[in-house]
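Structural overview
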Amino acid sequence: MIALSCENINLSFGTDVILKNISFAVNDGDRVGIIGVNGAGKTSLFRVITGEYSSDSGAVYVQKGHTVGVLEQNPDLSSLPGELTCLEYMYTAFPALTELEGEIARTEAQLSVAAGRGNEGDILALTARLNEQSSRFAREGGLEFRGRCRSMLLRLGYTEEQLTQKIRTLSGGQYTRLALARLLATEPDILMLDEPTNHLDIDALAWLEGFIANYKKTVLVISHDRYFLDRTTNKTLSIRFGEARLYNGNYTETRERCEAEAAAQEKRYKEQQKVIAKIRANIEFQRRCNREHNFVTIRSKEKQLERMEKVAPVSRDPKNIRLSFATEEESANDVLDVRELSFSYGASPLIKNISFLVRRYERVMFLGKNGSGKSTLMKLINSRLTPNEGKLLLGYNVKIGYYDQENRGLTETNTVFEELRREYPDKTDLELRSTLALFLFDADDITRPVSTLSGGERARVTLAKLILKKVNLLVMDEPTNHLDIGSCEALESALLAFEGTIIAVSHDRYFINKIATRIIELDPYCERGLVDYSLESYDEAFTEYMRLREARRATVDTAPRKEEKSDSKLSYEEKKRENSKRRGEEKRRERATARIAELEGELEKLEEELFGEAATNYVRAAEIDSRKCEIEEELLELYELVM
C-alpha cells in the first residue's frame with residue numbers, strides 16, 4: 001500500500017527553480033535513500049512533504065492515519081526546554097502516556113481516600129476506572145516507553161551520567177543525537193531523516209543501521225554516507241537538475257544502473273548522430289546537383305529527419321569540486337611523536353597518557369566513541385590547545401594544514417572572497433577567484449557573507465583555504481561532514497594523490513576504507529589509552545579494522561575471568577563482591593536466554609497463524625501484528641543482555 005506520494009511538485013524561490021515536476025510514490029515498508037549534490041533540493045523536498053514549504057504546484061499525499069516524524073540536519077536549538085534533562089525531554093515525545101500516568105496517579109489517590117472512608121460504592125467505581133486506565137496504559141505502550149527512551153539514548157552513545165544532563169548544556173552534536181533518539185523512540189509510520197549520521201560514532205552508526213534495516217515502516221533518508229545507504233536502503237531517489245527519478249536498489253546498485261543507462265544512451269546518441277550526419281550530407285549533395293528530381297529526394301530525406309525520434313544527449317552531472325593538495329618540501333621520516341600526552345577539561349581527564357609515532361606518508365585514521373577525545377587530539381596536534389602533561393613533537397620541516405569540522409576558522413562577517421584574501425594577502429585576485437571557482441563559487445557567490453552559507457558551502461570555503469597552503473602534513477577532523485557524495489569522492493582522490501602524511505578523524509566508513517593505511521582507536525578504558533591496529537590490507541581498511549577489533553574484544557572479554565582466579569592481591573570482600581556480581585549476571589543471562597526461547601516460540605506460532613487462519617481475519621491480523629511488535633522490542637533488549 002502506498003504510504004506517501006508526490007505528484008508534479010514544483011518549487012522555486014524567485015528565479016531559482018529548485019524542484020521541477022517531482023513525482024514518485026513510496027510504499028509501506030520501503031526504505032528510500034535520497035541522493036543529489038548540495039543544493040539539489042533534497043532538504044527542500046522534505047520541507048514540502050512536511051508542509052513547511054508550500055510548493056508552487058502539485059500535491060503531496062500521506063496515507064490516512066499515518067504519522068510522520070522528521071529529523072532536521074540543523075535543528076533549531078533556541079526553542080528547547082533547556083532545564084529538562086535528556087531523559088525528561090525524551091518522555092515529552094509521549095504526551096498521551098505521561099498524561100495517562102497522571103490520571104492513574106490521581107485515581108489511585110482518590111481510591112486510597114475512598115478506602116479510608118469505607119465507601120464501597122466509590123471504591124467499586126474507582127477500582128473499575130483504575131483497571132480501565134491501567135489496561136489502556138499497558139495497551140498503548142505505557143509499561144515500556146520509559147525503558148525504550150533510556151535504551152535509545154544509550155544505544156546512540158549517551159552515558160548514564162549524560163541521561164540526567166540539562167539540555168541547555170548540550171553541544172549541537174549531542175542535541176542532534178538526542179533529537180534522533182527521541183524521534184526513533186516514537187516509531188512514526190513515515191520516518192524522515194536528514195543526514196542522521198553526522199554526529200554518530202562507529203558503534204552508534206552500526207546500531208542505527210541495524211535499526212533502520214529492520215524498521216517495519218517507511219523510511220526516507222538523506223545522506224552522503226555511501227556505506228550507510230548501501231546497508232539500510234532498498235530504493236533510491238536521485239535528484240538531478242531539479243528533477244527526480246526513483247530506482248529500485250541501494251546507492252551502489254543505483255549508481256551502477258545509472259552508469260549503464262548513461263553508457264547505453266550515449267552509444268545510441270552517437271549512432272543516431274552518425275545516421276543524421278549521413279542524411280544531411282546526402283541532402284547537401286542533392287542540392288549541389290540542382291536537378292528537378294533531386295528536390296523530391298531532398299524533401300523525402302528532410303521528412304525522414306523530422307519523423308526521427310531524437311535520442312537526447314546524456315545529461316552531464318553537475319560540476320564537481322576540483323582540488324589537489326600541493327607539497328613544497330618533504331618532512332623528516334618521523335612526522336609526529338606523541339609521548340604520554342594527557343589533557344582534561346576541568347577535573348575529568350579526556351586523554352590520559354597516550355603515546356604513538358606517525359611516520360612520513362602514513363594515512364592514520366583516529367576512531368573512537370563520541371567523547372573519547374578525537375577532535376581534542378586534532379586541536380592539540382595543531383596547537384589549538386595546550387596539553388596538561390606529556391609532549392607533542394613535530395619532526396623536522398613539518399608544515400601542517402588543519403581542517404576543522406566546525407569550520408571555526410571562518411569569520412561570519414567576511415565575504416567568501418575576503419576569507420581567502422585575509423589568509424593569503426600575497427595572492428592575486430585572479431588566483432583567489434580561480435581557486436574559488438574550483439569549489440563552485442561563481443562571481444555572485446564570492447560576494448556573499450560567510451554567515452549566509454550552508455554547511456556544505458562552509459566546508460568548501462575551508463577546503464579552498466587549505467589547498468592554497470604548501471603543507472606536508474594534513475590534520476583533518478571529519479572532513480566529509482556536510483559534503484555531498486561527489487565532493488567526498490573528489491576529496492578522496494585528492495588525498496590519495498597527496499604526497500605527504502595524513503592524520504584524520506572520520507566516521508565515514510567508505511572514506512576510511514579508501515584512505516587509511518593505519519587505524520588508531522582511542523579507548524580510555526584501555527591500559528595505554530588507545531589501540532593501534534596494523535592493517536594488512538589497505539584496500540578494505542575499515543573491514544580489516546572491524547575484524548581485528550572483534551578478535552581483540554573476544555580476547556579481552558575472556559581475560560578478566562582468568563585474572564580473577566589468579567589475582568591474590570584482591571581482598572576477600574572484594575572477591576566476594578565480584579563473585580556475587582558475576583553469579584547475578586549469569587543468572588540474569590540464564591533467565592534472559594529462557595525468555596528468548598519462549599518469545600521466539602511464540603513469535604513463530606504468531607507468524608504461522610498470521611499467514612494461515614488469520615490471513616483473512618483483519619481484526620485478528622492487527623492483534624497479531626501488535627503483539628509481534630511487542631515481542632520484537634522485548635527480544636532486542638534481551639539479546640543485549642546475553643551478548
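Shown above is the structure to which this text applies.
Described below are features of the structure shown in this document.

Cut-off values and rules
Residues numbered from 1 in each chain as written. Predicted model: local features only at pLDDT ≥ 70, side-chain atom pairs only at ≥ 80, totals over all residues. Heavy atoms only, no water. Helix = DSSP H or I, 4+ residues; strand = E, 2+ residues; numbered from the N terminus. Buried < 20%, exposed > 50% of the residue type's maximum accessible area, 1.4 Å probe, protein only. Contact = heavy atoms within 4.5 Å. Lys, Arg positive; Asp, Glu negative; His and termini not counted. Charge placed at Lys NZ, Arg CZ, Asp CG, Glu CD. Pairing = 2+ DSSP bridges. Axes fitted to C-alpha atoms, helices over the stretch in contact; angles between N-to-C directions. Parallel < 35°, antiparallel > 145°, perpendicular 65-115°, else oblique. Left-handed = near helix turned anticlockwise from the far one by under 90°. Nonpolar A, V, L, I, M, F, W, Y, C, P; charged D, E, K, R; others polar.

Notes on the overall build of the protein
Secondary structure summary: the protein contains 19 helices and 18 strands in total. Along the first, second and third principal axes, the C-alpha set of the protein runs to 120 × 75 × 45 Å. Counting over 643 residues, the protein shows a buried share of 43%. For the protein, restricting intrachain contacts to residue pairs at least 6 apart in sequence, the fraction spanning at least 24 positions comes to 69%. In the protein, the 93 positive side-chain charges and the 106 negative ones have mean positions that sit 4 Å from each other.

Observations concerning the sheet that holds strand 3 (residues 31–35)
The strand order across the open sheet formed by six strands is 5-6-7-3-8-9, and the pairing between neighbours is mixed. Looking at the sheet topology across the chains shown, the edges are occupied by strand 5 (68–71) and strand 9 (243–248). Across this sheet, the average inter-strand angle for adjacent strands is 15 degrees, counted without regard to direction. As paired elements, strand 8 (residues 235–240) and strand 9 share six bridges and run antiparallel to each other. Residue pairing across strands places T236 opposite Y247, the latter belonging to strand 9.

Re helix 5 (residues 145–155)
Where helix 5 is concerned, the buried positions are F145, R148, C149, S151, M152, L153 and R155. Within two residues after helix 5, G157 carries a phi angle of roughly 100 degrees, on the positive side.

Side note on the packing of helix 5 against helix 6 (residues 172–186)
Packing of helix 5 against helix 6 leaves a shortest axis separation of 9 Å and a crossing angle of 140 degrees. In terms of orientation, helix 5 lies oblique with respect to helix 6. Between helix 5 and helix 6 the crossing geometry is right-handed. Residues R148, M152 and L153 of helix 5 touch helix 6, and the partners they reach there are L178, A181, L184 and A185. Broken down by class, the residue content of the contact of helix 5 with helix 6 amounts to six nonpolar, no polar and one charged.

Here's the deal with the packing of helix 12 (residues 416–423) against helix 14 (residues 455–467)
Contact geometry of helix 12 with helix 14 gives a least axis separation of 10 Å together with a crossing angle of 25 degrees. Classed by the angle they form, the pair helix 12 and helix 14 counts as roughly parallel. Handedness of the crossing formed by helix 12 with helix 14: right-handed. In this structure, helix 12 contributes V416, E419, L420, R422 and E423 to the contact, and helix 14 contributes V461, A464 and K465. For the contact of helix 12 with helix 14, a count of residues per class yields four nonpolar, no polar and four charged.

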